[in-house]
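Residues per chain are reported as follows:
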Amino acid sequence: MGRKSVRRSNRGKTNRRNTRRRNKKQSSKSMKRQMKKTSRKSPRKSKKRKVGKKASDWNKHMMSVYREMQKKDKDVKLGQAMKQAAKTYKK
């Protein structure tokens with residue numbers, strides 16, 4: 001059969017108390033740090049949408065092939081479209 005674990009009454013109790021106290025102290029310190037950080041915040045900047053790079057010729061071609069394949073079969077995967085587009089793409 002398996003071994004039964006024996007729990008000792010004094011084992012680890014003092015350590016648990018100390019860590020609880022320490023955690024409370026640390027949490028109060030971290031709260032003070034957060035309060036300092038929030039008071040120093042600069043005014044919010046307006047959120048602008050980043051303008052990315054334009055789609056490349058390959059990307060446009062591949063997506064058009066993908067959409068055409070989707071019209072025929074909804075379950076088509078992008079990887080399948082990439083393989084199909086590679087056959088018809090000319091640089």
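Everything numeric here is computed off the predicted structure, so don't read it as measured data.

Colleague: Could you clarify how one ought to interpret the packing of aromatic side chains in this entry?
Modeller: Aromatic ring pairs are defined here through the distance separating the ring centres and the angle between the ring planes. Within this structure, the stated rule accounts for one aromatic pair. When the centroid spacing of 5.3 Å and the interplanar angle of 70° are considered together, the rings of Trp58 and Tyr89 count as edge-to-face. You can see Trp58 sitting in helix 2 (residues 57-72) and its partner Tyr89 sitting in the segment after helix 3 (78-88), a full 31 residues away along the chain.

Colleague: In this structure, what is going on with the nonpolar core? I would like to understand it.
Modeller: One broad trend across soluble globular proteins is that nonpolar side chains are buried collectively. Met62, Val65, Tyr66, Met69, Val76, Ala81 and Ala85 together form the largest nonpolar core, which totals seven residues. The dominant element in this core, judged by the number of residues it contributes, is helix 2, at four residues. Not counting chain neighbours up to four residues away, the residues in contact with Val76 comprise Tyr66, Met69 and Gln70.

Colleague: Would you mind going over the environment of Glu68 with me for this structure?
Modeller: If you trace the backbone, Glu68 turns up in helix 2. The spatial distance from the C-alpha of Glu68 to the C-alpha of Ala81 is 9.2 Å, given a sequence separation of 13 residues.

Colleague: Explanation requested: the environment of Ser64 in the structure shown.
Modeller: Take Ser64: it is sitting in helix 2. Separated by 17 residues in the primary sequence, Ser64 and Ala81 have C-alpha atoms spaced 9.1 Å apart. Separated by 2.7 Å, the side chain of Ser64 and the backbone oxygen of His61 make a polar contact.

Colleague: Could you clarify how one ought to interpret the packing of helix 2 against helix 3 in this entry?
Modeller: Where helix 2 contacts helix 3, the axes come no closer than 8 Å and their chain directions differ by 120°. One element, helix 2, and the other, helix 3, form an angle in the oblique class. Like other packed secondary-structure pairs, helix 2 and helix 3 cross with a definite hand, here right-handed. Of the residues in helix 3, those in contact with Trp58, His61, Met62, Met63, Val65, Tyr66 and Met69 of helix 2 are Leu78, Gln80, Ala81, Met82, Gln84, Ala85, Ala86 and Thr88.

About the criteria used
- Residues numbered from 1 in each chain as written.
- Predicted model: local features only at pLDDT ≥ 70, side-chain atom pairs only at ≥ 80, totals over all residues.
- Heavy atoms only, no water.
- Phe/Tyr/Trp six-rings, centres within 6.5 Å; stacked < 30°, edge-to-face > 60°.
- Helix = DSSP H or I, 4+ residues; strand = E, 2+ residues; numbered from the N terminus.
- Core = buried A, V, L, I, M, F, W, Y, C linked by side-chain atoms within 4.5 Å.
- Buried < 20%, exposed > 50% of the residue type's maximum accessible area, 1.4 Å probe, protein only.
- Contact = heavy atoms within 4.5 Å.
- Polar contact = N/O pair within 3.5 Å; in protein donor to acceptor, adjacent residues only side chain to side chain.
- Axes fitted to C-alpha atoms, helices over the stretch in contact; angles between N-to-C directions.
- Parallel < 35°, antiparallel > 145°, perpendicular 65-115°, else oblique.
- Left-handed = near helix turned anticlockwise from the far one by under 90°.

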